[in-house]
Amino acid sequence: MIRNYFKIAFRGFWRHKLFTLINVIGLSIGISAALVIYLIVHFDFTFDKFQPDGNRIYRVVTHYSYSGQTGYNSGVCGPLAGAVRSQVTGVEATAPFYMLYQPNVFVPGKGNVPVKFKNEDNVILADQQYFKIFDYKWLAGSVSALNTPNHVVLTSDQAKKYFPALSYDQMIGKIVTYDTIKTAVAGIVETIKQNTDFTFHDFISYSTNAANATIKDQLQLTNWGSTTSQSQLFVKLSAKTNIAHVEKQMTALLNKNFKEEKGNTGGFSLQPLNDLHFNEKYGAFDSEHQANKTTLYGLLIIAAFLLILGCINFVNLTTAQATQRAKEIGIRKTMGSSRKQLVVQFLSETFLITLIAVIISIGLAPIILKLFTDFIPPGIKVSFLAQPHVILFLLALIIVMSLLSGFYPAILLSGYKPVLVLKNQASSNSSKTRNAYLRKSLTVTQFVIAQFFIMATILVSKQIYYAINKDMGFKKDAILIINTPWKDRSTSKRDVFLNKLRSIPQVDQISVGGNTPPSSNNTNSTEATYKDGKKETKIDLQEKFGDENYIKVYNIKLLAGRNLRSTDTSKAFLINANYARLLGFKSPNAAVGKQIDKFNGDKAMQIVGVVADFNQGSLHTPIVPIAILTSTSIYQNGTFHLALKPETADGAEWKKAIAQMGAYYKQVYPEDDFDYQFFDASIKKFYESEQHTSTLLTWATGLSIFISCLGLLGLAIYTTNQRTKEIGVRKVLGASVAQIVTLLSTEVIMLILLAFVIVTPAAWWAMNKWMQSFADRTSISWWIFAASGAGMLILAVFTSGFQTVKAAIANPVKSLRSE
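Residues numbered from 1 in each chain as written. Predicted model: local features only at pLDDT ≥ 70, side-chain atom pairs only at ≥ 80, totals over all residues. Heavy atoms only, no water.

## Comments concerning the pairing of strand β25 (residues 639–644)
Each regular strand carries side chains that alternate between the two faces of the sheet.
Part 1 of the argument: Most of β25 is tucked away: six of the six residues are buried.
Part 2 of the argument: Residue alternation in β25 divides its side chains into two sets, Thr639, His641 and Ala643 and Phe640, Leu642 and Leu644, and both sets are buried.
Part 3 of the argument: Pairing between strand β16 (residues 479–483) and β25: five bridges, direction antiparallel. Within the sheet, the bridge partner assigned to Ile479 lies in β25 and is Ala643.
Part 4 of the argument: Alignment of strand β17 (residues 507–513) against β25, held across six bridges, turns out to be antiparallel. Looking at β25, one finds that Ile510 is bridged to Leu642. (Buried < 20%, exposed > 50% of the residue type's maximum accessible area, 1.4 Å probe, protein only. Helix = DSSP H or I, 4+ residues; strand = E, 2+ residues; numbered from the N terminus. Pairing = 2+ DSSP bridges.)

Rendered as C-alpha cells:
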C-alpha cells in the first residue's frame, strides 16, 4: 500500500513538473534558512549547559547609581570573596579569580634557554574552589593543586603547547614563569570541548598574591571602594536558597564596610550562569563571541517567515490544481477508497516533496555557512554523526512542514463527492469561493511578509549610512592610531619613537596620549564636583588624555578659551559644551577660567577652554560631559594619534609611510609586534551588529521576494490556463491585448495594495521600536514605505506579466477550436 502511494505520488510529480519544481524550490529555501538558523541558535543557547548544577551557579556582579547615572560592572571589589565565605549564608562554594592582562610566559627550553610565549590571554589567579564549582576532568594532579602558592594548573591543550614532548605526568613540577611570577605545574585538566565562555587555560594559585607585591596591589584585597572587571566572583548556592536573600546579605556587607556619599548607591546582584553568554550589560569574558538574544529571536522569526512562505506556495498551488485531480479522486472513491486513505495519499505526496527539499537543504547548508563566515560564530558546522540533534530537528521539520503544507489540501481534495465529480461538478460555487478566498488570503500574507522585509532592510541601511557618515564633531578620515607595548612605556623610548615618526614626510600631525580617541569603547571617568556658591554639582566626568595636538589631529572645534599646554598637567583642562551647560553656564565663554573644586579626589582643576560637543561612542549612546587633559602617567601617554597627509593619485604614500612606521617600531620595541588601526575603521566597528542585521535582512528580503514571486508565477500560469477559453471569447468579441492584460493583472495589483495597507502600520511600529536603541537617529521617511510598495508592485506585475501577456496574445482560434 505504501509503495503504491509513493508510486502514484511520483507519477503526479512528473505530470506537473513545473508546479512540483516551484514547491520544491520554495520549501528548500525555507528549510535551508531554518537549518542554518537552527545551527546558530542551538550553538549559542548551549553555552555552559553541560555544567552540573548549572542552575545554582551565579556570577556576582556590581551595580551602582552615581549622581543619577546608573552603572554596571561584571567585577567585584577585592574583599568581597573572603567576606562571603565567612559571613553569607546559603552559599555552598565561592570561587574568586583575577584575570591577568596578557603576561609573557617563559618555559624552559633546550640548553636551559627559556622559550617565550608573548601576550598570553586567558591566564587567571584562582583557588581550588574554582574546580569545585566548574566541572573539569583531571589528567594529572588533583583539586588540591591550587592550595599552595606559586602553583599552576594547565589545560591539556595549553600544556602540550608549553611542553609538546612530555606526557602529562612528566609535566608536573615543571617551571612556568608569567612575567615575574615563577610557578610550578601542579595539575593538568582536560580542555573543555563543549561550547563554553570559560576559555581560561592557565590557573595560577590565588594565594600566590601574598608573595608578589605587584599582584597583591592589583587585587586590592582590603579596598571595598575599588571595583574592576578583572576581579570576578562566582558562587554556587545551596539547594533551594533564596537568591534575593543572598543578594541582600552581600549588599549589606558593602554598606557596612564602605560608606557611599549621599545620593550614591551601590550593591551586588547574582547573574545566572546561563545569562553570561547573552547579557551585554555585564559582558562575557570574550565580548567578540557574545550573543544577543534579541538577534537570535529575530533569526528564528525570519526562519519561520521563510518556512511559512514555502508552505503558502504549496497550499496555493495544490488547491488551485484541485479541479484537475477531481476525476482521479472520484474514481478512487468509486473503487472503494476511503477518505482516510486519500488523506494519507495526499500527505505522502507532501511528505515526499518536503523530504526532497530537506535533502537539497542539507547540501546547501555548508555553502550558506561559508557565505556568512564573517558573522556566524566559529565552530558551527553540519555533522550528523557528531550532532544527532540536527537529525531530530530535520525529522521534526519534515513532519511539521508536511502537516502544515499538506493537511488542508488533503482534507479539501479528499472531501469531493464522486457523483458530482464524475458529472464535471467537482465542487459547489460556495466551495470554489472559499478556495479562492483562501488563496487570496495566503497570497496577501506572502506579500505582507515580503514588504515588511523590504521596509526593514531599507530603514536599517539608511540608519547605518547615517551613523557612519554623520558629522560626529571630529575628523575621522586619515587618522592612524598606534599603541606602544603596555609593559614597556618608558618616556625615553616613547620620545625616540616620536622623533622617528616626525621624520616621515606623510605624517602631518602627531598627538601623544592615552588610548582614548574622541570616540571609542574605552572609557575613563572620575568624580568631579563644582560649587557655584548656591549649589554643588557632582557628576561622573569622562576623561580623554592627550596633549596640545589632540584637538588639532582630530579637528575638534575650540569654542572658547585656549588649547591645552604641556604645563597644564594636574591643574587645568578642556571641557565640552555639554558639561558647561550642565554646570549652568549660558555660554562657553562664561565657563572659561572657572574652577572645578574636586576632580579625581580632592584636586582642583581650572577650565581653560570649551570645545564643541562630539560623540564619545556610537550613536546608540548620548553625548555626556567630558574633559580633555594631559597626564604624567606613562600609561596615559603610550598611544600615538597620527593625522596623515592626503594621498596623491597613485595612492602609495600611506602604504610606504606605514611600512616605515613598522620598521621604526621594531627598532624601538624589538620584542613586540607592530600594530595599528585606522580611526574610521574603528568607528565602523561600532555598527558591526547592525551591518550583520542589514546583511541578513537583505538575504531574507531577497529570498522572501523570490519565494513569493515563484508562487505568484505558479498561480498566474494556473489562472491563465483556466481562463484560456474566456480570453479567447473576449478577443473574438473585440477585447484588446492591453484590456486582457489589465483584466488578468487587476487581481494581483489589488492583493499587493491590500498587503501594503496591512503591513505599513506594523512595519512603522517595529522600525520605530528598533530605532529607540539609538540616541541619535535618522527619520523614518515616508518614501521608505512608498518605495517598498512600488517595488513589490513592479516585481509582482513583472513576474506575472510574462504569463498574462502570453495568454493575451494567443490566437483565440486555438482555445475555441474544441467548442
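From this point, things continue past the structure.
## Description of the packing of helix α21 (residues 688–722) against helix α24 (residues 782–808)
Part 1 of the argument: α24 packs onto α21 with a crossing angle of 25 degrees between their chain directions and a minimal axis gap of 9 Å. Relative to α24, the element α21 lies roughly parallel. The hand of the α21/α24 crossing is right-handed. Across the interface between the two elements, Ile705, Cys709, Leu712, Leu713, Ala716, Ile717 and Thr720 from α21 touch Met792, Leu795, Ala796, Thr799, Ser800, Gln803, Thr804 and Ala807 from α24.
Part 2 of the argument: Among the residues making up the contact of α21 with α24, the classes are represented as 10 nonpolar, five polar and no charged. (Axes fitted to C-alpha atoms, helices over the stretch in contact; angles between N-to-C directions. Parallel < 35°, antiparallel > 145°, perpendicular 65-115°, else oblique. Left-handed = near helix turned anticlockwise from the far one by under 90°. Contact = heavy atoms within 4.5 Å. Nonpolar A, V, L, I, M, F, W, Y, C, P; charged D, E, K, R; others polar.)

## Focus: the nonpolar core
Part 1 of the argument: Phe474, Tyr554, Ile556 and Ile628 are the most contacted members of the largest nonpolar core, which totals 75 residues.
Part 2 of the argument: Viewed by domain, this core spans two of them, domain 1 (2–40 + 292–465 + 689–817) and domain 3 (479–686), each represented by three or more residues.
Part 3 of the argument: When sequence neighbours within four positions are dropped, the list of residues in contact with Tyr554 reads Phe474, Lys475, Ile479, Ile481, Pro517, Pro518, His641 and Phe679.
Part 4 of the argument: Among the nonpolar cores identified, the runner-up in size contains 25 residues, and Val153, Val189, Phe200 and Phe285 belong to it. (Core = buried A, V, L, I, M, F, W, Y, C linked by side-chain atoms within 4.5 Å. Domains from an automatic or database assignment.)

## Considering the packing of aromatic side chains
Part 1 of the argument: For the structure on display, the rule yields 39 aromatic pairs.
Part 2 of the argument: Summarising the aromatic geometry, the rings of Tyr665 and Tyr669 are spaced 5.1 Å apart at their centres and angled 45 degrees between planes, so their arrangement reads as tilted.
Part 3 of the argument: The rings of Phe97, Tyr130, Phe131, Phe134, Tyr136, Trp138, Phe198, Phe200, Phe203 and Phe234 are connected pair by pair, giving a single aromatic cluster.
Part 4 of the argument: Directly above the aromatic system of Tyr168 lies the positively charged group of Lys160, at a separation of 5.2 Å from the ring centroid.
Part 5 of the argument: Over the ring of Phe278 we find Lys293, and its NZ or CZ is 5.1 Å from the ring centre. (Phe/Tyr/Trp six-rings, centres within 6.5 Å; stacked < 30°, edge-to-face > 60°. Lys NZ or Arg CZ within 6 Å of the ring centre and 35° of its normal.)

## Points about the side chain of Thr529
Part 1 of the argument: By secondary structure assignment, the location of Thr529 is in strand β18 (residues 524–531).
Part 2 of the argument: Those residues within four positions of Thr529 in sequence are excluded, and the remaining contacts are Glu536, Thr537, Lys538, Ile596, Asp597 and Lys598.

## Brief notes about the side chain of Ser205
Part 1 of the argument: Structurally, the position occupied by Ser205 is in strand β12 (residues 202–205).
Part 2 of the argument: Given a relative accessible area of 0%, Ser205 falls into the buried group.
Part 3 of the argument: For Ser205, the side chain forms a polar contact with the side chain of Thr208, separated by 2.8 Å.
Part 4 of the argument: If we ignore the near neighbours within four places in the chain, the residues touching Ser205 are Leu125, Ala126, Leu146, Thr148, Pro149, Asn150 and His151. (Polar contact = N/O pair within 3.5 Å; in protein donor to acceptor, adjacent residues only side chain to side chain.)

## Quick notes on the sheet that holds strand β26 (residues 676–678)
Part 1 of the argument: In spatial order, the strands read β17-β25-β16-β26; together these four strands make up an open sheet with antiparallel pairing. Strands with a single pairing partner mark the edges of an open sheet, and in this sheet they are β17 and β26. Across the sheet, the axes of successive neighbouring strands diverge by a mean angle of 20 degrees, strand direction being ignored.
Part 2 of the argument: Against the sheet, helix α15 (residues 491–502) engages β16, β17 and β25, with an angle of about 165 degrees to β17.
Part 3 of the argument: Across the sheet, helix α19 (residues 653–668) lies against β16, β17, β25 and β26, angled at about 15 degrees from β16, the strand it touches most.

## Here's the deal with the confidence of the model for the protein chain
Low pLDDT means the predicted atomic positions in that stretch should not be read closely.
Part 1 of the argument: The predicted model of the protein chain has a mean per-residue pLDDT of 83, with 89% of residues at 70 or higher.
Part 2 of the argument: Confidence scores differ between elements of the protein chain, with helix α13 (residues 418–421) showing the lowest mean pLDDT of 57 and strand β9 (residues 151–155) the highest of 95. (pLDDT = per-residue confidence, 0-100.)

## Here we look at unusual backbone geometry
Part 1 of the argument: Positive phi is not limited to glycine here, since Asn122 has a value of about 60 degrees.
Part 2 of the argument: Secondary-structure assignment places Asn122 in the loop between β6 (114–117) and β7 (123–126).
Part 3 of the argument: Asn122 gets classed as partly exposed once you look at its relative accessible area, which sits at 27%.
Part 4 of the argument: Of note, Ala478 is a non-glycine position whose phi angle comes to about 60 degrees, a positive value.
Part 5 of the argument: By the element assignment, Ala478 lies in the loop between α14 (429–469) and β16.
Part 6 of the argument: Residue classification places Ala478 among the buried residues on the basis of a relative accessible area of 14%.

## What to know about the pattern of salt bridges
Part 1 of the argument: Summed over all chains, the structure comprises 14 salt bridges.
Part 2 of the argument: Note that Arg56 is salt-bridged to Asp53, the shortest N-O span being 3.3 Å.
Part 3 of the argument: On the basis of relative accessibility, which here comes to 34%, the residue Asp53 falls in the partly exposed class.
Part 4 of the argument: For the salt bridge of Glu671 with Lys116, the shortest nitrogen-to-oxygen distance reads 3.4 Å. Placement of Glu671 in the loop between α19 and β26 and of Lys116 in strand β6 is noted, with a sequence separation of 555 residues between them.
Part 5 of the argument: Residue Lys116 is classed as partly exposed on the basis of its relative accessible area of 32%. (Salt bridge = Lys/Arg side-chain N within 4 Å of Asp/Glu carboxyl O.)

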